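What the coordinates show
This is what each chain is made of:
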Amino acid sequence: MSLLGAAEVRALAALLDLKPSKALGQNFVIDANVCRKIVRVADVNSDDVALEIGPGLGSLTLALLEEAASVVAIEIDQRLATQLPITAVSYTHLRAHET
């Protein structure tokens, strides 16, 4: 599985005409190694169900999907919530569903 890098984050942000909102506390991780380190330090493993609040463009989500049994991601920005399943499927070859 590949993770989002700076180029992919910029491309997704441009596609969505998105600039991070300070009001929503949005920050988009552009370094895949940072995402992998967060997952490693959190000791996420294949028995875990990860809850991610504010997944944004999905940088950390993809890293969590590499290790966790499943990931529940909650996003309030509708543009990002709509894009996240598309990104997850594109980068992980998994099926995504919305509830």
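So, a few notes on the structure that sits alongside this text. Predicted, not measured: the structure shown is a model, and the values here were computed from it.

**A look at a nonpolar patch on the surface**
A surface patch of nonpolar side chains, about 490 Å² in accessible area, is lined by Val49, Leu51, Ile53, Val72 and Ile74. Going through the elements one at a time, β1 (49-53) and β2 (70-74) are the ones with two or more residues in the nonpolar patch. For the nonpolar patch, the leading source of residues is β1, giving three residues. Here Val49 lies in strand β1.

**Observations regarding helix α2 (residues 32-41)**
If you check which residues of α2 are buried, you get Ala32, Cys35 and Val39. Taken around the axis of α2, the buried residues stretch over an arc of 60°, which confines them to a single face. Those residues of α2 that are exposed and aimed more than 90 degrees away from the buried face are Asn33, Arg40 and Val41. Those residues of α2 that are buried lie in contact with α3 (59-67). For α2, the capping residue at the N-terminal end is Asp31, with a side-chain oxygen 2.8 Å from the backbone nitrogen of Asn33.

**A look at the side chain of Thr87**
In this fold, Thr87 is placed in helix α4 (residues 78-92). On the basis of relative accessible area, Thr87 is assigned to the buried category, the value being 2%.

Procedures and definitions
Residues numbered from 1 in each chain as written. Predicted model: local features only at pLDDT ≥ 70, side-chain atom pairs only at ≥ 80, totals over all residues. Heavy atoms only, no water. Patch = residues over 30% accessible without salt bridge, like charges linked within 9 Å, V, L, I, M, F, W, Y side chains within 5 Å. Areas by Shrake-Rupley, 256 points an atom, 1.4 Å probe, with all protein chains shown as cover. Salt bridge = Lys/Arg side-chain N within 4 Å of Asp/Glu carboxyl O. Helix = DSSP H or I, 4+ residues; strand = E, 2+ residues; numbered from the N terminus. Buried < 20%, exposed > 50% of the residue type's maximum accessible area, 1.4 Å probe, protein only. Arc of directions from axis to C-beta. Contact = heavy atoms within 4.5 Å. Polar contact = N/O pair within 3.5 Å; in protein donor to acceptor, adjacent residues only side chain to side chain.

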